[in-house]
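Residues per chain, in single letters:
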Amino acid sequence: MTQIAEIIVDVPTMQTNTPYSYSIPPALTGSVRPGMRVVVPFGNGSRKVQGFVWQLAEQTDFSRPLKAIDTVMDLQPVLNQELLALADHMAVTTYAFKITCLLTMLPNALKATYEKWVMPTDTLEESIRKKLFGHADRLLLDDSKLPEEQLKSLLKLASGGKVTVSYAVRDRGNVKTITMIEPAMAADKLQAAKATLRSTAKKQAVLLDYFITHPEPIAQRELEKALAVSSTIIKTAEKNGWLVKKAVEVYRDPLATAVTPTRALTLNEAQQTAVSALKTATNDHKAATYLLEGVTGSGKTEVYLQAIDNALQNGQSALMLVPEISLTPQIVGRVRGRFGQRVAVLHSGLSAGERYDEWRRIERGEATVVVGARSAIFAPLENIGIIIIDEEHEATYKQEDNPRYHARDIAIWRGRYHHCPVVLGSATPSLESRARAQKGVYQQLLLPHRINASALPKVTVVDMTQELQNHAESNFSTALLSALKQRMAKGEQSILMLNRRGYSSFVMCRDCGFVLKCPNCDISLTLHMDTKTMKCHYCGHEEPIPNVCPQCHSRKIRYYGTGTQKVETELKEVLPDAQVIRMDVDTTRRKGAHERLLNKFGRQEADILLGTQMIAKGLDFPNVTLVGVLNADTGLGLPDFRASERTFDLLTQVSGRAGRADKPGQVFIQTYNPDHYAIQLAKDQNYERFFLTEMQMRHRGHYPPYYYSVKLTASSGDERQAAEAMIKIVRQIKKTLSPAAIMLGPTPGAVARVNNRYYYQLVIKYKQEPALDQALFEILTEYQSTGRMGLQIAIDRNPMSFM
DNA sequence: AGCACGCCGACT
DNA sequence: GTCGGCGTGCTC
């Protein structure tokens, strides 16, 4: 009989990054299983802490007496064996704590919160007790919301033993229920009850009549509506013992709107080849990774849907990841239209409760197709038949804080576990993936043609340096402007993309060059016309727009750079009749705003959709025949080895938005670097050439995918502390590295200061360093305690950027 | 994360 | 001489 549970405790430190043994009290024997959440006493005061049962054991090497598990929080494990094993793997590969990994796999609703309760003891003087507690027998200590002095006096009382502080773990998982009403007795008994009613009790009679003919349960709300009775009438019937109320669990349906069912489309030859390869892999339980490379508009989604359908027909489940930004109703609608109620959708727009409901539907096997953003990769599906990552090159698949996992890596791990294929789909695969396909690590599947044989749009690169010489400064070249006018005349729509947000990137004094910067962060403030303020995009600092230069008091302080608001203003001047929808971070902040604006554009209530990167992905508007990229360069100048790749991806994606249906499309790319290979090759939609060219650049610069990389960041409120720590780490790590490894840095972060913290970083590029992992874990252990002094060390394996 | 233990400065 | 500052180490 197992009496010991090994538990990962919710204390994220290096020392507790291993299971702790707890005894299972007799009352809980048999109800403790791996993957369940438990509450255990921990530390000196045995405060209550949440933990995960890692495994059960017969014995332990811990020599001192064990504490016992306090409570079991779940009836069923919330994490299965697969996910427990995955957490272990993830902890090792991302240098994160096991507990952090376990928690990221769960919906927020299942992440417990801690409460601090203060209770008076007998020794507390009555007067003070009354003043502090009043009638309550205990007080909730709200996360230092209390004034400083009150907190201090409480602490004093605690140390004097006059009050005690206890910790409680509170489960946040709240299940939504509705009240159902059903008869408490058979129809003949109800009939008899009805006979006892007084003649004035009309409503009661109606109610009983209903249940005599409809014995099945009905939602109270519906019942009230259907019979026009009030809740008090029902309550009376309940009191009389005729009816019973019961709470029934319901799911909050985030997509309650009806979807139109869709049927499988006919595939072209390339699609057919891809689908049958994937079907075979699923049917043969082959854990292979496929790179599905298809130009924009080549029908990748239909390939996914048919591969998913095959898995479902085998009685298996399917997981599909899309970037958050393209989790638009269009994509979701298509999947839902094909698979209906079997689809669960997970994205950041859901409330914690909705997310939890979707998660439970998956966990119970009610939903077997999961569509979601990055974290949906942890969906608790059983028997997965296929995993798909759409737009696999997207940077959003990499989590930017601990655990710094890449969804692609997790997908491949799960694919191996389930012996099922993983599909990485993209028109512009990441260099890493494409290189692996080259080496035969991934199987390449090509979709070289657009469906319906629609032609790729005609792309024109506009040299803005020329434009500047010919005309006054404007965001619109002559060519783009006349094309816009043409579309309006023909009643066709246009999309304009801008590489940034805000009205203008910064203000600068034309006399002395002064740039208004954030007092907390080392970046320029951005002008926001809607709030008439200068804002910091990093920390949210806000201040009024200056009229005179704070440095030289000149009045020639002007706005530089370009933002969507400014473009919109200019657009209204040059095309006063155009109906424009502006989409950027500012106009889409509110929940559902994104959809609303897109739907409006889809209904052709506007001529021009103006937006930032967010409009480039996954939209399909048949009436759009013109796409203009106003400033293709932004980003090219960044000191980041992926700058060219990102620019190429963006331009290729956005160009694909034009002319997808019967009408031919046209694209204008405005740039100050017309000869840059990323722009020229995007113009030709020539991914293969870009891949070869960029691979040469990467090879020359010793960048991924030729090298692996690790980024270490030290941050602190004290600049010297961060710098010194980093210098020390460099010395330490140098000893373990082979001569072939390359170190970049230490350098101050690209933005050296964010929110009053200073950043120093080091990037290591390497091919094979067997001792590196160990060294990095040692560094983490060593700097564990410095967190309290404000020094934090972060390790990012294979970072998305070196900045 | 929270708590105890332990070693140096301003009080009864 | 003590109270209490927070640096350090440990928590099954």
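No experiment lies behind these values; they were computed from the predicted model shown. (Residues numbered from 1 in each chain as written. Chains lettered and ligands numbered in written order. Predicted model: local features only at pLDDT ≥ 70, side-chain atom pairs only at ≥ 80, totals over all residues. Heavy atoms only, no water.)

What follows concerns the protein's contact with DNA strand C. If you check the shell around DNA strand C, you find 13 residues, and the closest are Ser 21, Phe 42, Arg 64, Lys 67 and Arg 788. For DNA strand C, the backbone makes up 36% of the atoms found within 4 Å of the protein, where backbone means sugar plus phosphate. The backbone of Gly 43 places a nitrogen or oxygen atom 3.3 Å from a sugar or linking oxygen of DNA strand C. Where the surface near DNA strand C is concerned, the elements lending two or more residues are β2 (20-23) and β3 (37-42). (Near = heavy atom within 4 Å. Polar contact = N/O pair within 3.5 Å; in protein donor to acceptor, adjacent residues only side chain to side chain. Helix = DSSP H or I, 4+ residues; strand = E, 2+ residues; numbered from the N terminus.)

Once that is clear, we can look at the protein's contact with DNA strand B. Contacts to DNA strand B come from Val 11, Thr 13, Asn 44, Arg 47, Tyr 167 and Arg 788. A distance of 2.6 Å separates a base nitrogen of DNA strand B from a polar atom in the side chain of Arg 47. Grouping the amino acids of the surface near DNA strand B by side-chain chemistry returns 2 nonpolar, 2 polar and 2 charged. (Nonpolar A, V, L, I, M, F, W, Y, C, P; charged D, E, K, R; others polar.)

All right, on to helix α16 (residues 478-490) then. Taking 1.5 Å per residue, 13 residues should reach 18 Å; α16 reaches 19 Å between its end C-alpha atoms and fits that length. Among the residues of α16, Leu 480, Leu 481, Ala 483, Leu 484 and Arg 487 are the ones counted as buried. Looking down the long axis of α16, one finds its buried residues gathered within 160° of arc, a one-sided arrangement. Along α16, the residues that are exposed and aim more than 90 degrees away from the buried face are Ala 489 and Lys 490. At its buried positions, α16 is contacted by β20 (493-497), α17 (564-574), β27 (608-611), β28 (624-629) and β29 (666-671). Following α16 by one or two positions, Gly 491 has its phi on the positive side, about 75°. (Expected span 1.5 Å × (residues − 1). Buried < 20%, exposed > 50% of the residue type's maximum accessible area, 1.4 Å probe, protein only. Arc of directions from axis to C-beta. Contact = heavy atoms within 4.5 Å.)

The next point concerns the pattern of salt bridges. Tallying each qualifying case throughout the model produces 23 salt bridges. Taking the shortest distance from any N to any O, the salt bridge between Glu 568 and Arg 582 comes out at 2.8 Å. Taken together, the positions of Glu 568 in helix α17 and Arg 582 in strand β26 (residues 580-583) put the pair 14 residues apart, joining distant regions of the chain. Here Glu 568 and Arg 582 have matching classes, each one buried. For the salt bridge of Arg 698 with Glu 694, the shortest nitrogen-to-oxygen distance reads 2.8 Å. One end of the pair is Arg 698 and the other is Glu 694, both in helix α21 (residues 687-701) and 4 residues apart, which spans about a single turn. (Salt bridge = Lys/Arg side-chain N within 4 Å of Asp/Glu carboxyl O.)

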